[in-house]
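Coordinate analysis (summary)
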Amino acid sequence: MHPVIYLTGAPASGKSTLSGNLKLRYPELTVFAYSEELRKTVAMRGENLAEDDIRRLSARVITIEDVNRLDQTLIERVATERLTRPFLIDSHPVTKETFGFLTLPLES
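The structure reproduced in this document is the subject of the present report. (Residues numbered from 1 in each chain as written. Predicted model: local features only at pLDDT ≥ 70, side-chain atom pairs only at ≥ 80, totals over all residues. Heavy atoms only, no water.)

This part covers the environment of Asp-90. Position of Asp-90 among the secondary structure elements: in strand β3 (residues 87–90). The class for Asp-90 is buried, based on a relative accessible area of 5%. Distance from Asp-90 to Tyr-34, taken between C-alpha atoms, is 5.9 Å for residues 56 residues apart in sequence. If near-sequence neighbours (up to four positions away) are discounted, Asp-90 is found in contact with Leu-7, Lys-15, Ser-16, Ser-19, Phe-32, Ala-33 and Tyr-34. (Helix = DSSP H or I, 4+ residues; strand = E, 2+ residues; numbered from the N terminus. Buried < 20%, exposed > 50% of the residue type's maximum accessible area, 1.4 Å probe, protein only. Contact = heavy atoms within 4.5 Å.)

Here the focus is the environment of Thr-17. With respect to the helices and strands, the residue Thr-17 is situated in helix α1 (residues 15–25). Between the C-alpha atoms of Thr-17 and Asp-90, which are 73 residues apart in sequence, the distance is 9.9 Å.

Turning our attention to the nonpolar core. Counting 13 residues, the largest nonpolar core has Phe-32, Tyr-34, Ile-62, Leu-74 and Phe-87 as the members making the most contacts within it. No other element matches the four residues that helix α4 (residues 64–81) contributes to this core. (Core = buried A, V, L, I, M, F, W, Y, C linked by side-chain atoms within 4.5 Å.)

A few words on the pattern of salt bridges. Tallying each qualifying case throughout the model produces four salt bridges. Residue Glu-36 is joined to Lys-40 by a salt bridge in which the shortest nitrogen-to-oxygen separation is 3.8 Å. Placement of both Glu-36 and Lys-40 in helix α2 (residues 34–43) is noted, with a separation of four residues, approximately one turn of the helix. Among the salt bridges present, the one from Glu-81 reaches Arg-77, with a minimum N-O distance of 2.9 Å. Remark: Arg-77 and Glu-81 occur in helix α4; sequence separation between them is four residues, near one turn of the helix. In this structure Arg-77 comes out as partly exposed when scored by relative accessible area, which is 26%. The network of salt bridges with shared partners includes Glu-36, Glu-37 and Lys-40. (Salt bridge = Lys/Arg side-chain N within 4 Å of Asp/Glu carboxyl O.)

Another point: the side chain of Glu-37. Here Glu-37 shows up in helix α2. In this structure Glu-37 touches Phe-32, Leu-70 and Arg-77, once residues within four positions along its chain are discounted.

Turning next to the packing of α2 against α4. To describe two helices that pack against each other, one gives the angle between their axes and the distance between the axes. Their axes nearest at 11 Å, the elements α2 and α4 cross at an angle of 125 degrees. Relative to α4, the element α2 lies oblique. Seen along the crossing, α2 lies across α4 with a hand that is right-handed. Facing α2, whose interface residues are Tyr-34, Glu-37, Leu-38 and Thr-41, α4 presents Asp-66, Val-67, Arg-69, Leu-70, Asp-71, Leu-74 and Arg-77. Among the residues making up the contact of α2 with α4, the classes are represented as five nonpolar, one polar and five charged. (Axes fitted to C-alpha atoms, helices over the stretch in contact; angles between N-to-C directions. Parallel < 35°, antiparallel > 145°, perpendicular 65-115°, else oblique. Left-handed = near helix turned anticlockwise from the far one by under 90°. Nonpolar A, V, L, I, M, F, W, Y, C, P; charged D, E, K, R; others polar.)

So, about the sheet that holds β3. In spatial order, the strands read β1-β3-β2; together these three strands make up an open sheet with parallel pairing. Each edge of the open sheet is held by one strand with a lone partner, namely β1 (4–7) and β2 (30–33). Averaged over all pairs of adjacent strands, the angle between strand axes in this sheet comes to 15 degrees, irrespective of strand direction. As defined by bridge partners, β2 adjoins β3 across four bridges and the pair is classed as parallel. Looking at the pairing, Val-31 lines up with Leu-88 of β3. Each of β2 and β3 is contacted by α2, which is oriented at about 60 degrees to β2, the strand it contacts most. (Pairing = 2+ DSSP bridges.)

Structural data, given as C-alpha cells:
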C-alpha cells in the first residue's frame, strides 16, 4: 500500500500550489483536489464556476448531496489507487461564507 496524504488548511493558504508542485516533482502522485472536483460536480448541473466563485458562493451552490457524493467517490478512489501509487487529498474542511465560517461534519 502507498501512503494517503491529507493536505488541509485555510482557504487560499497555498494547498493547491503545493499539491501542483508535488505533482510536478513526483509524477506518480495522484492529487485529488477537492475544490476542483466540486467545480466539476457543479458543472454537471450546468453551473461553471471558477475557484474564487466556489470559495465565495459555496454555501449557495454546493449541496450536502454534492459533498456526500464526492466523499463517496474519494473513498472509492483512495481504496483503488493507493494500491499502485501515493495519493494526496487537497482539501479544507472550512469555508468562509457571508454569514461567517461554515464547517461540514464528517458522517460516520
